[in-house]
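Each chain is listed here by its residues.
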Amino acid sequence: MKKIIGMIFVLLLTACQAYPINLAIKPETRKNLNFPNLEALFEANENSVRGVSLNETKIKNNTPYAMLFYREIEKNVVMHSGEKKGSIILTPILHTIEPNMGWTSLSIGTMYIPNLLGMPIGSYTSFCELELKVVDKNGNLIRSYNSDSVITKYSAAYWGYYPKDAANAAMYGSYKKTLNNLIEQMNNDKELIIKELSKKK
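A brief look at the structure comes next. (Residues numbered from 1 in each chain as written. Predicted model: local features only at pLDDT ≥ 70, side-chain atom pairs only at ≥ 80, totals over all residues. Heavy atoms only, no water.)

## Side note on the overall build of the protein chain
Applicable threshold: Secondary structure elements are taken from DSSP: a helix is a run of H or I of four residues or more, a strand is a run of E of two residues or more, and numbering for both begins at the N terminus. Burial classes follow relative accessibility: with a 1.4 Å probe on protein chains only, a residue under 20% of its type's maximum area counts as buried, one over 50% as exposed, and anything between as partly exposed. The contact criterion used is simple: two residues touch if any of their non-hydrogen atoms lie within 4.5 Å. Accessible surface is estimated by sampling points in the Shrake-Rupley manner with a 1.4 Å probe; for residues, cover comes only from the protein chains shown.
What the protein chain contains, in helices and strands, is 6 helices and 4 strands. Beginning at the N terminus, the succession of helices and strands in the protein chain can be written as α-α-β-α-β-α-β-β-α-α. Taking all 201 residues of the protein chain together, the buried fraction comes to 43%. By sequence separation, contacts in the protein chain at least 24 residues apart represent 76% of the contacts at least 6 residues apart. For the protein chain, the exposed surface amounts to about 10700 Å²; the carbon and sulfur share of it is 56%.

Here's what the structure looks like:
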């Protein structure tokens, strides 16, 4: 019986999807918002994030989260002509990941039979809160925004992810959604921001 259950479990895992890192750091496909030339800066501290390696205190870093932010700003937000007018600074406030063990317990209790029909083996829920600031070239604050999002991703045969990939998909999903919310907020103040950046100080 144990061998049969083991074979079913292995079969289920082979039917799950992966979540490749190149998908995680791929920016949205949309028209550039044509903000003035602004430098993208990513700030992170080890107290803001649990369960993920955003633990650098330097402004610039090469984590996938930072890389996604840089690419999103460079591709979809700012123009690259003329002098830099200031910076867009992104700071993670809190980023968590929590597993839901209910699906796992149910799967074990039913010997994984319902999972062959697509019932989740497990799920992960991620919460992300970010702060975005726009400053001029002298460091004066022009606008500050805050947003948060919650995303749940499932580990399941046929339509879900491998367990580890489900966690990654939830983490990057909540981060991307929150970042998009912030960019939308910033775009709503576009005229005001451009006016402030154009002032001689």
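## Here's the deal with the sheet that holds strand β4 (residues 141-155)
Paired through their backbone hydrogen bonds, the strands of a sheet run either parallel or antiparallel. Rules: Note on pairing: two strands pair once DSSP finds at least 2 bridges between them. To obtain an axis, a line is fitted to C-alpha atoms, over the contacting stretch when the element is a helix, and the angle between two such axes runs from 0 to 180 degrees between their N-to-C directions.
Strand order in this open sheet of 4 strands is β1-β2-β3-β4, and the pairing throughout is mixed. Of all strands in the sheet, those bounded by a partner on one side alone are β1 (38-42) and β4. If you compare each strand with its neighbour and ignore which way they point, the axes differ by 20° on average. Where strand β2 (residues 86-100) and strand β3 (residues 122-136) come together, 14 bridges link them in antiparallel fashion. Paired with Thr 91 across the strands is Glu 131, a residue of β3. Where helix α4 (residues 101-109) meets the sheet, it contacts β2, β3 and β4, and its direction lies at approximately 30° from that of β2. Sheet strands in contact with helix α5 (residues 163-188) are β1, β2, β3 and β4, and its direction is about 150° off that of β4.

## Considering the packing of helix α3 (residues 64-76) against α5
Counted only if it meets this: Rotating anticlockwise by less than a right angle from the far helix to the near helix defines a left-handed crossing, while the corresponding clockwise rotation defines a right-handed one. Residues are grouped as follows: Ala, Val, Leu, Ile, Met, Phe, Trp, Tyr, Cys and Pro are nonpolar; Asp, Glu, Lys and Arg are charged; all remaining types, including Gly, are polar.
For the pair α3 and α5, the least separation of the axes is 11 Å and the interaxial angle reads 30°. Judged by the twist between their axes, the crossing of α3 over α5 is right-handed. Contacts between α3 and α5 involve Pro 64, Tyr 65, Ala 66, Leu 68, Phe 69 and Glu 72 from the first element and Met 171, Tyr 172, Tyr 175, Lys 176, Leu 179, Asn 180 and Ile 183 from the second. Among the residues forming the contact of α3 with α5, the class breakdown is 10 nonpolar, 1 polar and 2 charged.

## A short note on α4
Selection criterion: Between N or O atoms, a polar contact is any pair within 3.5 Å; within protein, one atom must be a potential hydrogen donor and the other a potential acceptor, and residues adjacent in sequence are included only when both atoms are from side chains.
Where α4 starts, the residue carrying a side-chain oxygen 2.9 Å from the main-chain nitrogen of Gly 102 turns out to be Asn 100. At the exit of α4 stands Met 111, carrying a positive phi of roughly 55°.

## Considerations on the pairing of β2
Where β1 and β2 come together, 5 bridges link them in parallel fashion. Bridging from a neighbouring strand, Leu 38 pairs with Gly 86 of β2.

## Some points on the environment of Met 67
By the secondary structure assignment, Met 67 is in helix α3. By relative accessible area, Met 67 is classed as partly exposed at 27%. As for Met 67 and Ile 25, which are separated by 42 residues in sequence, their C-alpha atoms are 6.4 Å apart.

## Side note on the nonpolar core
To keep it simple, the criterion reads: In these notes, a set of buried Ala, Val, Leu, Ile, Met, Phe, Trp, Tyr and Cys residues joined through side-chain atoms within 4.5 Å is what counts as a nonpolar core.
Among the nonpolar cores identified, the biggest contains 36 residues, and Phe 42, Phe 69, Val 77, Ile 88, Leu 90, Tyr 175 and Met 186 are the most heavily contacted of them. Where this core is concerned, the elements lending two or more residues are β1, α3, β2, β3, β4, α5 and α6 (190-198). Every residue in contact with Phe 69, bar those within four places of it in the chain, is listed here: Ala 40, Leu 41, Phe 42, Ile 88, Leu 90, Tyr 175 and Leu 179.

## So, the pairing of β4
Of the strand pairs in this sheet, β3 and β4 are connected by 14 bridges, and their pairing is antiparallel. Residue pairing across strands places Val 134 opposite Arg 143, the latter belonging to β4.

## Concerning the packing of aromatic side chains
For clarity, the cut-off: Stacked, tilted and edge-to-face are the three classes applied to pairs of Phe, Tyr and Trp rings, where Trp contributes its six-membered ring and a pair requires centres within 6.5 Å; stacked means planes under 30 degrees apart, edge-to-face means over 60, and tilted covers the rest.
According to the stated counting rule, one finds 8 aromatic pairs in the structure shown. Here the aromatic rings of Tyr 19 and Tyr 161 are separated by 5.9 Å at their centres, their planes lie at 80°, and the arrangement is edge-to-face. In this pair, Tyr 19 sits in the loop between α1 (2-14) and α2 (21-24) while Tyr 161 sits in the loop between β4 and α5, placing the two residues 142 residues apart along the sequence. Judged on exposure class, the residue Tyr 19 and its partner Tyr 161 are both buried.

## Remarks on the environment of Glu 131
With respect to the element layout, Glu 131 can be found in strand β3. Spatially, the C-alpha atoms of Glu 131 and Glu 43 are 9.9 Å apart, while their sequence positions differ by 88 residues. The contacts of Glu 131, once residues within four sequence positions are left out, are Ile 89, Leu 90, Thr 91, Ile 93, Ser 144, Tyr 145, Asn 146 and Leu 182.

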